[in-house]
Amino acid sequence: MLVVTGTCTGVGKTVVTAAVAALAAARGASVAVVKPGQTGVAPGEPGDLDDVRRLAAVTDLHECARFPDPLSPAAAARRAGVPPLRLADVAARIRALAETRDLVLVEGAGGLLVRYDDEGATIADLARWLGAAALVAVRPDLGTLNHTALTLEAMAHRGVQPAGLVIGRWPQEPDLAMRSNIRDLETIAARPLAGALPAGAGSLDPAEFLVAAHRSLAPALGGSFDPAAFRDTYGPKENP
Ligand SMILES: Nc1ncnc2c1ncn2[C@@H]1O[C@H](COP(=O)(O)OP(=O)(O)OP(=O)(O)O)[C@@H](O)[C@H]1O
Ligand SMILES: [Mg+2]
């Protein structure tokens, strides 16, 4: 089991989830992907799992609840006048899936501490109940160091084991802050980057996406990403 969380919404969790799923499926593993709470999508419209299906060609997909308003799952359920999703039920469903799958990936909604109900259950609770490590999708640009540090501190505080940082969208022409952030993200995480997906990966076809995923995720996630080479290529040159 692996939880994919992020420092915020829109940081590339879905693309990271699809990349991990694509690599696992390509080496013959059975992979299920779970989106406990999908918000901001009307019934019948494509959600995050449809992106995973399109990119990773994985079909074992499980959306537990959907709320149309683009809000946290707790707020969206409240506005829809329906009971919130119970993450305890989701945990039971994931445990059952894990009995017959090699890998179960779980994509949160928004960032780590987004609430699923009015009692304040979060994806961090779910990860801890499951004993699953959490991979953190992060932005590369100015502001990411604070968001990443806060997310990792909150994970440590809640007993969630980190599985590494993956930059969700690395542009072709990174600016100074992005280049400089590589080293500082690694310092904050006290480990090398677990990957960096190229900007544009989300619109590749499945064969191209698999190649990109392999290049962009570290060996622990089934790819060939080399964080030292990435740092050498993109890290800023020191001042003369
Ligand atoms: N590497 C990438 N290449 C191309 N597009 C990307 C990439 N990463 C993210 N995107 C795009 O950026 C947007 C936000 O990314 P994504 O939906 O993966 O974020 P998220 O962290 O999963 O957000 P949510 O909280 O809504 O689940 C999407 O439109 C997605 O297609
Ligand atoms: Mg998503």
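Refer to the preceding data block for the structure.
Since the model is a prediction, treat every value here as computed from it, not as a measurement. (Residues numbered from 1 in each chain as written. Chains lettered and ligands numbered in written order. Predicted model: local features only at pLDDT ≥ 70, side-chain atom pairs only at ≥ 80, totals over all residues. Heavy atoms only, no water.)

Colleague: How do you make sense of unusual backbone geometry when you look at a structure like this?
Modeller: Apart from glycine, the bulk of residues carry a negative phi angle, and the bulk of peptide bonds sit in the trans form. For A57, which is not glycine, the phi torsion reads 55 degrees and is therefore positive. Residue placement: A57 occurs in the loop between helix 2 (48-56) and strand 3 (61-67). Its identity as a non-glycine residue notwithstanding, A190 has a phi of 55 degrees, on the positive side. In this fold, A190 is placed in the loop between helix 7 (176-189) and strand 7 (195-198). (Helix = DSSP H or I, 4+ residues; strand = E, 2+ residues; numbered from the N terminus.)

Colleague: Just checking my understanding: could you explain the nonpolar core for this structure?
Modeller: The tendency in soluble globular proteins is for nonpolar side chains to be buried as a group. Counting 42 residues, the largest nonpolar core has I94, V106, L126, L165, I167, L193 and F230 as its most contacted members. Excluding its chain neighbours within four sequence positions, the residues that come into contact with L126 are P36, L87, V90, A91, I94 and V106. By size, the runner-up hydrophobic cluster in this structure holds 34 residues, among which are L49, L55, A56 and L135. (Core = buried A, V, L, I, M, F, W, Y, C linked by side-chain atoms within 4.5 Å. Buried < 20%, exposed > 50% of the residue type's maximum accessible area, 1.4 Å probe, protein only. Contact = heavy atoms within 4.5 Å.)

Colleague: Please explain the sheet that holds strand 4 (residues 103-107) as it appears in this structure.
Modeller: Ordered in space as 3-2-4-1-5-6-7, the seven strands form an open sheet in which the pairing is parallel. Here the strands that pair on one side only, and so sit at the sheet edges, are strand 3 and strand 7. Adjacent strand axes in the sheet meet at a mean angle of 20 degrees when their direction is disregarded. Here strand 2 (residues 31-39) runs beside strand 3; their pairing, made up of six bridges, is parallel. Across the sheet, G37 pairs through a bridge with A65, a residue of strand 3. (Pairing = 2+ DSSP bridges. Axes fitted to C-alpha atoms, helices over the stretch in contact; angles between N-to-C directions.)

Colleague: Teacher, can you tell me more about the coordination of the magnesium ion (ligand 2) here?
Modeller: Four donors placed tetrahedrally around a metal ideally meet at 109.5 degrees, and six donors placed octahedrally ideally meet at 90 or 180 degrees. In this structure, T14 (OG1), D48 (OD) and E107 (OE) serve as the protein donors to the magnesium ion (ligand 2), at separations of 2.0 to 2.2 Å. Counting along the primary sequence, the residues that act as donors to the magnesium ion (ligand 2) give the motif T-x33-D-x58-E. With a gap of 34 residues between them, T14 in helix 1 (residues 13-26) and D48 in helix 2 connect regions that are remote in the sequence. Judged by its relative accessible area of 12%, T14 falls in the buried class. (Donors = N, O, S within 2.8 Å, 3.2 Å for Na, K, Ca; no water.)

Colleague: Help me understand the packing of helix 7 against helix 9 (residues 227-234), please; the structure alone is not making it clear to me.
Modeller: For any two helices packed against each other, one specifies the inter-axial angle together with the distance between the axes. Packing of helix 7 against helix 9 brings their axes to within 8 Å, and their N-to-C directions diverge by 145 degrees. The crossing of helix 7 and helix 9 is left-handed. Packed against helix 7, whose contacting residues are R179, I182 and E186, the element helix 9 presents P227, F230, R231, T233 and Y234 at the interface. The residue makeup of the contact of helix 7 with helix 9, split by class, is four nonpolar, one polar and three charged. (Left-handed = near helix turned anticlockwise from the far one by under 90°. Nonpolar A, V, L, I, M, F, W, Y, C, P; charged D, E, K, R; others polar.)

Colleague: Quick question: what am I supposed to make of the site of ligand 1 here?
Modeller: Around ligand 1 there are 18 residues in total, and T9, K13, T14, R169 and G200 lie nearest to it. A distance of 2.8 Å separates an oxygen atom of ligand 1 from a polar side-chain atom of T9. Taking G110, its main chain carries an N or O atom lying 3.1 Å from an oxygen atom of ligand 1. Within the complex, the protein chains bury 74% of what would otherwise be the 610 Å² of accessible surface of ligand 1. Here the shell around ligand 1 gets three residues from one element, more than from any other, and that element is helix 1. (Near = heavy atom within 4 Å. Polar contact = N/O pair within 3.5 Å; in protein donor to acceptor, adjacent residues only side chain to side chain. Areas by Shrake-Rupley, 256 points an atom, 1.4 Å probe, with all protein chains shown as cover.)

Colleague: What is the right way to read the pattern of salt bridges from this model?
Modeller: When the charged atoms of two side chains with opposite charge come close together, those side chains can pair. Enumeration according to the criterion identifies 12 salt bridges in this entry. A salt bridge links R53 to D50; the nearest nitrogen and oxygen atoms lie 2.7 Å apart. In this pair, R53 and D50 both sit in helix 2, three residues apart, roughly one turn of the helix. Of the residues examined, R53 reaches a relative accessible area of 39% and is grouped as partly exposed. The exposure class assigned to D50 is partly exposed, which follows from its relative accessible area of 28%. In this structure, the salt-bridge partner of D141 is R139, at a minimum N-O distance of 2.7 Å. Overlapping salt bridges, with partners in common, bring together K35, D48 and E107 in one network. (Salt bridge = Lys/Arg side-chain N within 4 Å of Asp/Glu carboxyl O.)

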